[in-house]
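Results of the structural survey
Here is what each chain is made of, one letter per residue.
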Amino acid sequence: MAAPPDAEPSSALSLEQLPTDPLLLILSFLDYRDLVSCCYLNQRLNQLSSHDPLWKRHCKKYWLISEEEKSRRNQSWKAIFTSTYSDLGRYIHYYATLKKAWDDLENYLGQWCPRMISSLKESAREEDLDAVEAQIRCKLPDDYRCSFRIHNGQKLVVPGLMGSMALSNHYRSEDLLDIDTAAGGFQQRLGLKQCLPLTFCIHTGLSQYMALESVEGRNKYEIFYQCPDQMARKPSAIVMFITGTSYLEWFTSYVNEVVTGGYPIIRDQIFRYVHDKKCVATTEDITVSVSTSFLPELSSVHPPHYFFTYRIRIEMSKDALPEKTCQLDSRYWRITNAKGDVEEVQGPGVVGEFPVIGPGKVYEYTSCTTFSTTSGYMEGYYTFHCLYYKDRFFNVTIPRFHMVCPTFKATNPNESAVDEDQDSTGTDDSRDRRRALDFPAPSGCCPCHT
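Let me begin by describing the structure that accompanies this report. Not measured: the values here are computed from a predicted model.

We now examine the overall build of the chain. Each helix and strand counted, the chain has 13 helices and 19 strands in total. Counting across all 450 residues of the chain, residues that qualify as buried make up 50%. Carbon and sulfur atoms form 50% of the exposed surface of the chain, whose accessible area is close to 21,700 Å².

Laid out in structure tokens, this is it:
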């Protein structure tokens, strides 16, 4: 309804007249940038935007500052946010994610691999990272820099933070390199141009690299294992087994596998076996489960030779009757590659042993297989005989388990990209790294299909 013509218009309500509590509630929904902007609008908003509880949420969200740390610092929330931003502001979009990953990893290692904690280095300084950029004449991605502001990698020790693998007389344990060691291994030669090593194994010379530029068919910040190509005509081309699309994704996904128990802890080391929870079979009171891993250092694309290791766990229920105790006599494998070619293997025992399984007992062993295709699967059974009823034999199912090579692509230093099916070649970079750091070459292989 229209106001009477003789009515005077009401005066507008100014910002100064608005009550404080509703304004603080509104400000509590703003991001830190907008909260800072409000400080410059007028005196009232400047005062309200400095209300300390408003900054508590931002300190916790971006810097993971706890109440205990605030008390220890004896500073206001706003002062903590401001001082931390002045030091780490360029990493504000990465810091919370990476700090949580490092905290989770340290807490887990403290419980399961305590000696690995002592190998971690203190944070790198901003000027150290700047100096490395000047040295290699290439920019480091902010997520990588941010992680090294939390921990500057680890010492060159065993076990390595980035996982181990042991097979017969083959052993790999990857350290997360500190920034200076990584810079010393920075590559400018054809095939690995502008690639920075992230990890290093002192036994095999194996490294995972990060591409700092989009050259030679690589994507910028892609992380990979380089693979020698024994059939290519150009010795500077390589094949990449890709392990990550960015440092953030690569590191946090690895940590998640560790702290959730996806990678088993064996003899105080992290082993990068992947277990499919569906890959379990129970026959009577015996359960067989399998985990697998791809070994890039023993694989090649040209010629096609994809090397996998698997870890078998055989367990008898603790509720089984004592007379169910039995001994493994033999194994049967049916091995199928991606083309449908089938190989059958049968033999006595497993890895030269004939384990006895009783109620609540567990037997584990590791073996390996190779495929000429990028994937394949295995299945079969073990034959056991009862110790109490010696004439009773029975088969225990081994569940079908699949092995798949990681995504890979060939790179060509003279062209922008090369298809997977084209010939490419690799340089034996691990040999050069061993020579530079004076590490011995790996030797030996392992028995298959046991």
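Structure shown, so let's carry the discussion forward.
Right, let's talk about the pairing of strand β2 (residues 170–176) for a bit. When you tally the buried positions in β2, you get 6 out of 7 residues, the bulk of the element. Judged from the 4 bridges that link them, strand β1 (residues 164–167) and β2 form a sheet pairing that is antiparallel. Pairing of L167 across the sheet is with H170, part of β2. Between the end of β1 and the start of β2, which pair antiparallel, lie 2 residues, with S168 showing a positive phi angle near 50°. Where β2 and strand β4 (residues 199–201) come together, 3 bridges link them in antiparallel fashion. Bridge pairing links L176 to T199 in β4.

This next bit is on the side chain of S299. Its location among the elements puts S299 in the loop between β11 (286–294) and β12 (306–316). Look at S299 and you get buried, because its relative accessible area is 6%. At a separation of 2.9 Å, a polar atom in the side chain of S299 contacts the main-chain amide nitrogen of F307. Leave out the neighbours within four places in its chain, and S299 touches C227, F241, F294, H305, Y306 and F307.

We now examine the nonpolar core. Formed by 63 residues in total, the largest nonpolar core has its most connected members in L140, Y144, L161, Y247 and F251. Considering each element in turn, this core owes the most residues, 7 residues, to helix α7 (residues 95–112). Inspection of this core shows a minimum of three residues originating in each of domain 1 (19–90) and domain 2 (95–256). Apart from the residues lying within four places of it in its own chain, the contact partners of F251 are L98, A101, W102, L105 and L176. Within the second largest apolar cluster, 41 residues are counted, among which are I286, Y310, Y365 and F401.

The subject of this paragraph is the state of the cysteines. The final tally for this structure, using the stated rule, is 0 disulfides. Not part of a disulfide, C227 finds its nearest cysteine sulfur in C405, a span of 8.6 Å. C227 sits in the buried class, given a relative accessible area of 1%.

Before going further, it helps to examine helix α6 (residues 77–88). With 12 residues, α6 extends 16 Å between its outermost C-alpha atoms, agreeing within 8% with the 16 Å of an ideal straight helix rising 1.5 Å per residue. Those residues of α6 that sit buried are W77, I80, F81, T84 and L88. The buried residues of α6 occupy an angular sector of 95° when projected down its axis, which confines them to one face. For α6, the secondary structure elements touched by its buried residues are α2 (32–38), α4 (53–63), α5 (67–73), α7 and α10 (142–150).

Moving on: the side chain of R272. Tracing the backbone through its elements, the reader meets R272 in the loop between β9 (269–270) and β10 (274–283). Classification of R272 by relative accessible area gives buried; the value is 15%. A distance of 2.6 Å separates a polar side-chain atom of R272 from the backbone oxygen of M162. Within the local environment of R272, its side chain forms a polar contact with the side chain of Y225, the two groups lying 2.7 Å apart. Discounting chain neighbours no more than four positions away, the residues touching R272 are M162, G163, S164, M165, R172, E174, Q208, Y225, Y254, Y263, T292 and S293.

A separate point is the pattern of salt bridges. One pass over the structure, following the stated rule, counts 29 salt bridges. Between R125 and E127 there is a salt bridge whose closest N-O contact spans 3.5 Å. E364 is paired through a salt bridge with R313; the nearest N and O atoms lie 3.6 Å apart. Of this pair, E364 sits in strand β16 (residues 362–371) while R313 is found in strand β12, placing the two residues 51 residues apart along the sequence. For E364, a relative accessible area of 35% gives the class partly exposed. In the salt-bridge network here, residues are joined through shared partners; they are D87, R90, E126, D130, E133, K139, D142, R145 and R149.

A few words on the sheet that holds strand β5 (residues 208–211). In spatial order, the strands read β3-β5-β6-β7-β19; together these 5 strands make up an open sheet with antiparallel pairing. The sheet terminates laterally at β3 (195–197) and β19 (408–411), the two strands that pair on one side only. Between one strand and the next, the sheet's axes are offset by a mean angle of 40°, whatever the strand orientation. By the bridge criterion, 3 bridges tie β3 to β5 in an arrangement that is antiparallel. By the bridge assignment for β5, C195 is matched with A211. Packing of helix α12 (residues 247–259) onto the sheet brings it into contact with β5, β6 (223–227) and β7 (238–244), and relative to β7 it is tilted by some 60°.

The rules behind these values
Residues numbered from 1 in each chain as written. Predicted model: local features only at pLDDT ≥ 70, side-chain atom pairs only at ≥ 80, totals over all residues. Heavy atoms only, no water. Helix = DSSP H or I, 4+ residues; strand = E, 2+ residues; numbered from the N terminus. Buried < 20%, exposed > 50% of the residue type's maximum accessible area, 1.4 Å probe, protein only. Areas by Shrake-Rupley, 256 points an atom, 1.4 Å probe, with all protein chains shown as cover. Pairing = 2+ DSSP bridges. Polar contact = N/O pair within 3.5 Å; in protein donor to acceptor, adjacent residues only side chain to side chain. Contact = heavy atoms within 4.5 Å. Core = buried A, V, L, I, M, F, W, Y, C linked by side-chain atoms within 4.5 Å. Domains from an automatic or database assignment. Disulfide = S-S within 2.5 Å. Expected span 1.5 Å × (residues − 1). Arc of directions from axis to C-beta. Salt bridge = Lys/Arg side-chain N within 4 Å of Asp/Glu carboxyl O. Axes fitted to C-alpha atoms, helices over the stretch in contact; angles between N-to-C directions.

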